[in-house]
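Inside the fold
Letter by letter, the chains look like this.
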Amino acid sequence: MRGRLTCPFCDYEREPGPQPVFCPSCGVPLRYERRLIGPTPLELEGRGVWRWRPFMPEVEPVSLGEGGTPLVPSLRLGEELGIGLKFKLEGINPTGSFKDRGASVLVSVLLALGARKVADDSSGNAASALAAYAARAGLSAVLFVPAHASEKKLSQIRAYGAELVEVPGPRPNATEAVKAACRKDPQLVYASHNESPYFEAGQRTIAYEIAEELSWEPPDHLVVPVGGGALFLGIVQGFLDLLGLGLIHRLPHVHAAQAAACAPIVRAFEQGLATPKPVAPGETVAEGVSIASPPRGREILAALRKTGGTAVAVAEEEILAAWERLPKEEGLYIEPTSAVAVAGVSALVGRGVIRAGESVVIPLTGTGLKSAHLG
Ligand SMILES: [Zn+2]
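Residues numbered from 1 in each chain as written. Predicted model: local features only at pLDDT ≥ 70, side-chain atom pairs only at ≥ 80, totals over all residues. Heavy atoms only, no water.

This part takes up the sheet that holds strand S5 (residues 84–89). Reading across the sheet, the 6 strands line up as S4-S5-S13-S10-S11-S12 and stay open at both edges, with mixed pairing between neighbours. Of all strands in the sheet, those with a lone pairing partner are strand S4 (71–73) and strand S12 (311–314), marking the two edges. Here the strands of the sheet are splayed against their neighbours by 25 degrees on average, with no regard to which way each runs. Two elements, strand S11 (residues 253–259) and S12, share 4 bridges in a ladder whose sense is parallel. Within S12, the position partnered with Ala-257 by the bridge is Val-312. (Pairing = 2+ DSSP bridges. Helix = DSSP H or I, 4+ residues; strand = E, 2+ residues; numbered from the N terminus. Axes fitted to C-alpha atoms, helices over the stretch in contact; angles between N-to-C directions.)

Positioned with a positive phi, Ser-215 is a non-glycine residue whose angle comes to about 55 degrees. Here Ser-215 lies in the loop between helix H7 (205–213) and strand S10 (221–225). The class of Ser-215 is exposed, set by a relative accessible area of 57%. Located in the positive-phi region is Trp-216, a residue other than glycine, with phi close to 65 degrees. Checked against the element boundaries, Trp-216 lands in the loop between H7 and S10. (Buried < 20%, exposed > 50% of the residue type's maximum accessible area, 1.4 Å probe, protein only.)

Attention now goes to the coordination of the zinc ion. Coordination of the zinc ion by the protein is provided by Cys-7 (SG), Cys-10 (SG), Cys-23 (SG) and Cys-26 (SG), with metal-donor distances spanning 2.3 Å. A residue is classified by how much of its surface remains accessible, and Cys-10, at 28% relative accessible area, is partly exposed. (Donors = N, O, S within 2.8 Å, 3.2 Å for Na, K, Ca; no water.)

What follows covers the nonpolar core. Val-118, Leu-143, Leu-222, Phe-232, Ile-235 and Phe-239 are the most contacted members of the largest nonpolar core, which totals 77 residues. For this core, the element with the most residues is helix H8 (residues 230–244), which contributes 9 residues. Excluding anything up to four places from it in sequence, Phe-239 contacts Ala-207, Ile-210, Ala-211, Pro-218, Leu-222, Ile-248, Leu-251 and Pro-252. (Core = buried A, V, L, I, M, F, W, Y, C linked by side-chain atoms within 4.5 Å. Contact = heavy atoms within 4.5 Å.)

Moving on to the domain arrangement of the chain. Annotation of the chain at the domain level lists domain 1 (71–97 + 199–370) and domain 2 (99–197). Taken residue by residue, the interface counts 24 residues in domain 1 and 23 residues in domain 2. Surface buried jointly by domain 1 and domain 2 totals about 2,100 Å² across both partners, of which 44% is contributed by carbon and sulfur atoms. For the domain 1 face of the interface with domain 2, the top three residues by lost area are Thr-95, Phe-199 and Lys-370, together amounting to 38%. Counting every contact that joins domain 1 to domain 2 gives 2 salt bridges. Close ionic contact of Glu-90 with Arg-101 constitutes a salt bridge, the shortest N to O distance being 2.7 Å. Linking domain 1 to domain 2 there are 17 residue pairs in polar contact (both at pLDDT 80 or more). Mapped by element, the contributors of at least two residues to the side of domain 1 that touches domain 2 are helix H6 (197–203) and H7. Here the side of domain 1 that touches domain 2 gets 5 residues from one element, more than from any other, and that element is H6. In terms of residue class, the side of domain 1 that touches domain 2 is made up of 8 nonpolar, 8 polar and 8 charged. (Domains from an automatic or database assignment. Buried area = accessible area lost by both parts, 1.4 Å probe. Salt bridge = Lys/Arg side-chain N within 4 Å of Asp/Glu carboxyl O. Polar contact = N/O pair within 3.5 Å; in protein donor to acceptor, adjacent residues only side chain to side chain. Nonpolar A, V, L, I, M, F, W, Y, C, P; charged D, E, K, R; others polar.)

Let us now look at the packing of aromatic side chains. For the structure on display, the rule yields 4 aromatic pairs. Site record: aromatic cluster; members linked through ring pairs are Trp-52, Phe-55 and Tyr-208. The ring centre of Trp-52 lies 5.7 Å from the NZ or CZ of Arg-51, which sits over that ring. The ring of Phe-9 carries Arg-298 above its face, with NZ or CZ at 3.7 Å from the centroid. (Phe/Tyr/Trp six-rings, centres within 6.5 Å; stacked < 30°, edge-to-face > 60°. Lys NZ or Arg CZ within 6 Å of the ring centre and 35° of its normal.)

Spelled out as C-alpha cells, the structure:
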C-alpha cells in the first residue's frame, strides 16, 4: 500500500499497518500521508469519498455510496447573522452521519491488510458506521459502548450484526476495555475512529468536496463541532492537501466549537497551551463531542492555530435553542452535536470573529433520527 504513517510533530514515519500507532517520541497518534505531486490534473472520477482516490490509500473500496453530500444555503439564520452561511448535510450518509466517510476508508484498509475482526469504542455514530462497513466487508465487529448509550443507537448497531459489549462507568472505561481486549486477542484490530490514521483520511473528503463545489475558492470560515477531532483534523488536513497541490490559494479559518460542559480544547486554546488537559465532563445533550481527553488534542490545537481559527464553548441552552430552531426554520432535522456548531457560529459573529458578509460553512454532522428529540 502506498503512503506512509507520519508524526504531525516530528519526522518519525513508518509503513502503514492495521493498528493505530503512536509516535515513540511525541506520544501522539500517527496520521496517514500520501504524497501527491502537484499541480493538476488529478484524475477524479465518480462521486463521493472514492472520487478522491488519488488522495486515499490504494485499496479496493468498501463503499455504501458515502460522501457527495449537498451544500445547502441557510435561509433564515444566515440572513439574521448577515453572513453567507451554508450547511453541509452529513446526516444523509448511509448510516446517518459523517463518520461513514472515515469508516469506509478505515474498513477498506483493514480488509486489505488482512483483518478479520475489528473493534471500536463508541456509543453512537462511529459505532454504527463501523458496524455497517464491517458487515458490508464481511468482517466481524465488536463495539464497546458505555452502558448509558441511547437505545436507538444500540439497536442500529445490533441490526448490523455487531457484537455489543456494555461497559459500566464513565466513557473512558469503554476505551480502556477495547484496548485491553485488543491486547489480549491479536486477531482483534482496534479500528479506532479517534486514533486510526485511515479514519481521518476519509474525513478529509469533506474539505475536498466543499472546495470543488465552490470552484476551488474556500469559504472564509468553517465552524466544526469538536470531540475526538477526526472531523476537525480531517477538514483542516483536507484543505492543506489542496493548498499543497495549488488547487486552492488560501486556507479558510477553521473554528472549533465545543459544549461548555466538556470543552478541553477551548480551555487549552484560551490558556495558550500546546496540549489540552483532561477535564471532568458535565452533562451535555451533545454526546458526540463529549470527549474529556482527546488523543489528538495537541494536533487539534496546532491545526486550529495554523488556520487562524478560534475555539468557542457554547452553553447547553444555546445548543438546545439551535437544535430546536434548525428543523423549524430551515427544514433540517439534525442531531444535537450538529447544533454545537450552529450555536458556535452565532457566538463567533457576536464576538466579531466572523464579520458581516463573510462566507461560512458548517458541517451538520448527523441526522436527528437517532436522537431522542425534545417535544
Ligand atoms: Zn513525533
